[in-house]
Amino acid sequence: MPNLENLRKQAKQYLRWHRERHHPVAAVIRATLPRFRHLTDREVLDAPFSLADAQALVARQNGFPDWPALRTGAPTVRSTTENMPQGPILSGAEPVLYVTDFAASLAFFTEKLGFSVDFTYGDPPFYGVVARDRARLCLRLVREPVFLGDVRRREDLLSASITLDSAAAIKTLFLDYQTAGVTFHSTLMTQPWGTRTFILLDPDGNLILFAAPGD
């Protein structure tokens, strides 16, 4: 588990994202804090959200029932099923990237981005999954253009979004990719809401966002 100071920073980051109405944070709040469970994204962002709420969110993400328990390191006294939301739980997501040269795409993700091949399907392969840590991306071979011209670059249309745990981690990854000769749509920067991001381009023009909490 990260140290307490880093967890405090994470809580303040969530609070800032909510105040700035950073849309993806609504899903995190709804999935983690019971009183937001039945609200829409807009309702979550409209609802009061305090630093105590943000700290409770961070505590639950780290396996504790609340912030005081996290601070003292006390184990949770609630059962796992009691803490879990009722109903189906989504355990992951795998964005699909459309590629025109399957072998070249596999080589890009494995040789330049540090992914490994989970599996491929077809003879010759036309579909597969690459993975790095908890990030998984699907690759699908297509024979015709899926997007018109350079609309993805002009409109910043993302094909996938991948998160990291810290500002230090995303800086290291950015420098690694820079050394590997990766093409960037936008270089490492701090967004107005505090998130550190960069966006790279794969050989087929898919925009892949990497994001992490700020310092």
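Data block above holds the structure.
So, here is what we can say about the structure in this document.

## Quick word on helix H2 (residues 24-32)
Part 1: Regarding H2, the residues found buried are Val25, Ala26, Ile29 and Thr32. Viewed end-on, H2 has its buried residues packed into an arc of 145°, placing them on one side of the element. Residues of H2 that are exposed and point more than 90 degrees away from the buried face comprise Pro24 and Ala31.
Part 2: Packing partners of the buried residues in H2 comprise helix H1 (4-19), helix H3 (41-46) and helix H4 (51-61).

## What to know about the nonpolar core
Part 1: Counting 28 residues, the largest nonpolar core has Phe109, Tyr177, Phe198, Leu200 and Phe210 as its most contacted members.
Part 2: Secondary-structure elements contributing two or more residues to this core are strand E1 (96-99), helix H7 (102-112), strand E4 (135-141), strand E5 (158-163), helix H9 (167-179), strand E6 (183-190), strand E7 (196-201) and strand E8 (207-212).
Part 3: In this view, Phe109 contacts Leu97, Gly114, Phe115, Val130, Leu137, Leu139, Asp202 and Ile208; residues no more than four positions away in its chain are not counted.
Part 4: Judged by nonpolar contacts, the second largest core, of 22 residues, contains Leu7, Ile29, Ala54 and Leu57.

## Quick word on a positive patch on the surface
Part 1: A cluster of basic side chains, namely Lys9, Lys12, Arg16 and Arg19, defines a positive patch on the protein surface.
Part 2: Relative to the assigned elements, Lys9 resides in helix H1.

## Structural notes on the sheet that holds E6
Hydrogen bonds between backbone groups are what pair the strands of a sheet, and the pairing can be parallel or antiparallel.
Part 1: An order of E5-E8-E7-E6 is seen for the four strands of this open sheet, with the pairing classed as mixed. On the outer flanks of this sheet lie E5 and E6, each paired with one strand and no other. Each neighbouring strand pair of the sheet contributes to a mean axis angle of 15°, computed without reference to strand direction.
Part 2: Alignment of E6 against E7, held across five bridges, turns out to be antiparallel. By the bridge assignment, Met189 is partnered in E7 with Thr197.

## Let's talk about the packing of aromatic side chains
Part 1: Evaluated as defined, the whole model comprises 12 aromatic pairs.
Part 2: A ring pair is formed by Phe108 and Phe109, whose centres lie 5.3 Å apart and whose planes are at 85°; its orientation type is edge-to-face.
Part 3: Given a relative accessible area of 8%, Phe108 falls into the buried group.
Part 4: The buried category is assigned to Phe109, whose relative accessible area is 0%.
Part 5: Judged by centre distance (5.7 Å) and plane angle (85°), the rings of Phe109 and Phe115 are edge-to-face. Across this residue pair, the class does not change: Phe109 and Phe115 are buried.

## Let's talk about the environment of Ile162
Part 1: Within the element layout of this structure, Ile162 appears in strand E5.
Part 2: Residue Ile162 is classed as buried on the basis of its relative accessible area of 11%.
Part 3: A sequence separation of 158 residues divides Ile162 from Leu4, and the C-alpha atoms of the two residues are 24 Å apart.

## Points about the sheet that holds E4
Part 1: The sheet built from four strands is open, its strands ordered E1-E4-E3-E2 with mixed pairing. Edge strands, defined here as strands with exactly one partner in the open sheet, are E1 and strand E2 (116-122). Put simply, the sheet's adjacent strands are angled 20° from each other on average, direction ignored.
Part 2: The pairing of E1 with E4 spans four bridges and is parallel. Considered in E4, the bridge of Tyr98 is made with Arg140.

## Here we look at the pattern of salt bridges
Part 1: Overall, the coordinates contain seven salt bridges when judged by the stated rule.
Part 2: Among the salt bridges present, the one from Arg35 reaches Asp53, with a minimum N-O distance of 2.7 Å. Residue Arg35 is located in the loop between H2 and H3, and its partner Asp53 is located in helix H4; the two are separated by 18 residues in the primary sequence.
Part 3: Judged by relative accessible area, which is 52%, Arg35 ranks as exposed.
Part 4: Note that Arg136 and Asp118 form a salt bridge whose closest N and O atoms lie 2.8 Å from each other. Of this pair, Arg136 sits in strand E4 while Asp118 sits in strand E2, and the two are 18 residues apart along the sequence.

Calculation criteria
- Residues numbered from 1 in each chain as written.
- Predicted model: local features only at pLDDT ≥ 70, side-chain atom pairs only at ≥ 80, totals over all residues.
- Heavy atoms only, no water.
- Buried < 20%, exposed > 50% of the residue type's maximum accessible area, 1.4 Å probe, protein only.
- Helix = DSSP H or I, 4+ residues; strand = E, 2+ residues; numbered from the N terminus.
- Arc of directions from axis to C-beta.
- Contact = heavy atoms within 4.5 Å.
- Core = buried A, V, L, I, M, F, W, Y, C linked by side-chain atoms within 4.5 Å.
- Patch = residues over 30% accessible without salt bridge, like charges linked within 9 Å, V, L, I, M, F, W, Y side chains within 5 Å.
- Areas by Shrake-Rupley, 256 points an atom, 1.4 Å probe, with all protein chains shown as cover.
- Salt bridge = Lys/Arg side-chain N within 4 Å of Asp/Glu carboxyl O.
- Lys, Arg positive; Asp, Glu negative; His and termini not counted.
- Charge placed at Lys NZ, Arg CZ, Asp CG, Glu CD.
- Pairing = 2+ DSSP bridges.
- Axes fitted to C-alpha atoms, helices over the stretch in contact; angles between N-to-C directions.
- Phe/Tyr/Trp six-rings, centres within 6.5 Å; stacked < 30°, edge-to-face > 60°.

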